[in-house]
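Descriptive structure summary
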Amino acid sequence: TQLLEQSPQFLSIQEGENLTVYCNSSSVFSSLQWYRQEPGEGPVLLVTVVTGGEVKKLKRLTFQFGDARKDSSLHITAAQPGDTGLYLCAGDNDMRFGAGTRLTVKP
Amino acid sequence: EAGVVQSPRYKIIEKKQPVAFWCNPISGHNTLYWYRQNLGQGPELLIRYENEEAVDDSQLPKDRFSAERLKGVDSTLKIQPAELGDSAVYLCASSQSRDVWYFGPGTRLTVL
């Protein structure tokens, strides 16, 4: 089993602030996915990163895959209350998830 | 196009009772996954199917959990007998490729 570690576990910020969350592993992944989950719902895919060093942008969200394809980061610019949720990363090697970062953005 | 459908959405049972969850994946998705998610945690894979074959059930507690996907479409996950520690959200997901998974809304199980 390839362990995915996410940090921080919890993050509470004010609207308008920037933040970065991390997903780290000792294993190499062919691809890594980021999901957001809201209460009472299943995770929803945000992005898949495939190439080492790849950067993908989704509006105010920027995803980066590490050069060695072992880690990834998610940066949110000017966070909004609608960004509140549980952010999860998952690796395609064995379809397992990290424990997630629970983000709260206060108005 | 309909997403992944799960039922029931909520289930409350007493310990030692049996319970079953049903999942209908997105049409054409050959791969189906069952996950368990405890409060405040990420989903934990229980079993993965490729068509009707269980290709990864290493995390499924086989003494009390069972799953089937007889015709390679919908699937059922069963717990018998349920224990207090089984209280969690049970998520079903399906995919056509290994890097894009679609999740259902989950079944929230409470064991009293």
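Refer to the preceding data block for the structure.
Residues numbered from 1 in each chain as written. Chains lettered and ligands numbered in written order. Predicted model: local features only at pLDDT ≥ 70, side-chain atom pairs only at ≥ 80, totals over all residues. Heavy atoms only, no water.

Some words on the overall build of chain B
Along its length, chain B carries zero helices and eleven strands. For chain B, the spread of C-alpha atoms along the three principal axes comes to 35 × 25 × 25 Å. Looking at chain B residue by residue over its 112 residues, the buried ones come to 45%. Sequence separation of at least 24 residues holds for 52% of the intrachain contacts in chain B that already meet a minimum separation of 6. (Helix = DSSP H or I, 4+ residues; strand = E, 2+ residues; numbered from the N terminus. Buried < 20%, exposed > 50% of the residue type's maximum accessible area, 1.4 Å probe, protein only. Contact = heavy atoms within 4.5 Å.)

Overview of the packing of aromatic side chains
Under the definition given, this model contains eleven aromatic pairs over all chains. Relative to B:W101, the ring of B:Y33 lies with its centre 5.7 Å away and its plane at 45 degrees, an arrangement referred to as tilted. Separated by 68 residues along the polypeptide, B:Y33 in strand β4 (residues 31–37) and B:W101 in strand β10 (residues 100–103) bring together distant segments of the chain. By relative accessible area, which is 1% here, B:Y33 ends up buried. Note on B:W101: relative accessible area 1%, which makes it buried. One aromatic cluster in this structure is built from A:Y35, A:F97, B:Y33, B:Y35, B:W101 and B:F103. (Phe/Tyr/Trp six-rings, centres within 6.5 Å; stacked < 30°, edge-to-face > 60°.)

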